[in-house]
Amino acid sequence: MFIVWGTKVVRRVVGRRADYCQLCQGFQPATLIRVKLVNHVYYIPVNAGSLIGLEQTCETCGLRLEANDLGEYPQVSHDRHADVETLLEDTNPGARHRWAAHIAWDDALRAGTVTPANRAQTMTDTFVLANYLVEARTAHWNFDKLSSAACVLTLTCLLGGLWLGDSMGDRREDFKSTVVALTVGLALLTIVLFLRDGHRYTRRAVLPVLARALRPLKPTEEELSRLLQNLKSREMKIGKYLDAHQILEAMVQFD
Ligand SMILES: [Zn+2]
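Quick caveat: nothing in here was measured; it's all calculated off a predicted structure.

1. Overview of the packing of helix H8 (residues 221–233) against helix H10 (residues 244–252)
Interaxial distance between H8 and H10 falls to 8 Å at its minimum, and their mutual angle equals 130°. When the axes of H8 and H10 are compared, the pair comes out oblique. Viewed along their axes, H8 and H10 form a crossing whose handedness is right-handed. In this structure, H8 uses Glu221, Leu224, Ser225 and Leu228 to contact H10, whose residues at the interface are Ala244, His245, Ile247 and Leu248. Grouping the amino acids of the contact of H8 with H10 by side-chain chemistry returns 5 nonpolar, 2 polar and 1 charged.

2. Quick look at the pairing of strand E4 (residues 50–58)
The pairing of strand E2 (residues 26–41) with E4 spans 8 bridges and is classified as antiparallel. Residue pairing for E4: Thr31 is matched across the bridge by Thr57. If you look at the hairpin formed by E4 and strand E5 (residues 64–66), you'll find 5 residues sitting between the two strands, and Gly62 has a positive phi there, around 90°.

3. With respect to the domain arrangement of the protein
How large an interface is tends to be reported as the accessible area lost when its parts come together. In terms of domain boundaries, the protein breaks down into domain 1 (5–113) and domain 2 (115–255). Relative placement of domain 1 and domain 2: their C-alpha centres are 27 Å apart. Of the residues lining the interface, 9 residues belong to domain 1; the matching set on domain 2 comes to 11 residues. Looking at the side of domain 1 that touches domain 2 residue by residue, the classes come out as 4 nonpolar, 3 polar and 2 charged.

4. A look at the pairing of E2
Two elements, strand E1 (residues 5–21) and E2, share 16 bridges in a ladder whose sense is antiparallel. Across the sheet, residue Val10 finds its bridge partner in E2, namely Lys36. Between the antiparallel neighbours E1 and E2 lie 4 residues, among them Gln25 with a positive phi of about 55°. Two strands pair when backbone bridges link them, and E2 and strand E3 (residues 44–45) are joined in this way by 2 bridges, in the antiparallel orientation. In the strand pairing of E3, His40 is matched with Pro45.

Each value, and the rule that gives it
Here the residue numbers are simple positions, counted from 1 along each chain's written sequence. Thresholds applied to this predicted model are a pLDDT of at least 70 for local features of residues and 80 or more for the giving and counting of side-chain atom pairs; totals over whole chains, interfaces and linings are not thresholded and use all residues. Only the contacting stretch of a helix is used when fitting its axis, a line to C-alpha atoms as for every element, and angles between N-to-C directions run 0 to 180 degrees. For helices the rule is a DSSP run of H or I covering at least 4 residues; for strands it is a run of E covering at least 2, with both sets numbered from the N terminus onward. Angles below 35 degrees are treated as roughly parallel, those above 145 as roughly antiparallel, those between 65 and 115 as roughly perpendicular, and all remaining angles as oblique. By convention, the crossing between two helices is left-handed when the near helix turns anticlockwise from the far helix through less than a right angle, and right-handed when the turn is clockwise. Residue pairs are scored as contacts if the distance between their C-beta atoms, which are placed from the backbone, is within 7 Å. Amino acids are sorted into nonpolar (Ala, Val, Leu, Ile, Met, Phe, Trp, Tyr, Cys and Pro), charged (Asp, Glu, Lys and Arg) and polar (every other residue, Gly among them). Two strands qualify as a pair provided DSSP detects at least 2 bridges between them. An automatic or database domain assignment provides the domain bounds reported here.

Next comes the structure, spelled out in structure tokens:
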């Protein structure tokens, strides 16, 4: 008998805290996640596993970064409805002091008082952070609403065709050909939509976050095109999935 066994990565929510998010450029609620490597048989965990580390995910933009050991936090909140101010007070009371230099930097960016070199570097750093969101999404296969709907439609067409086939009498063969052609067409559409999930996710979820973060820098279309080309040449997916015009259009809504 063939037995499926091995190890797999398991993520468990530990609680919530607040921290400064460099992509949101402000304090945000964050979810703490414990990451373990566990043994499994047929994908069912069979031991407690060994700790790989802790992750902290910004609840506003989804940026996931490595977190410190739990012992370094005063406490972790289990209140799912606590706002950012309450979380800061309870879980990260020294945050404003620790992030003071970065907050001052973001204020200077908003005021337009940084040097051109620093502005250019901040723009690159912002794209690199946003690219984490894209890479995290595309590290696994995903069915979003659109590709799921296409998949359901394909199966409905196939199963409906099989069910109705016998009642077609003399027209059975023609009906069968039509169902096969339609099913193949829908299956191809599903595959295309499935493969382009990363593009759609980037435009739907990453573009608004990126546009909001870039707005204080007031980039030109030429600057964005050059930067995207550079990121593309470095194999960063965000450079392939977005273009300068889309980013400028998305920035308008934050004016
Ligand atoms: Zn964020």
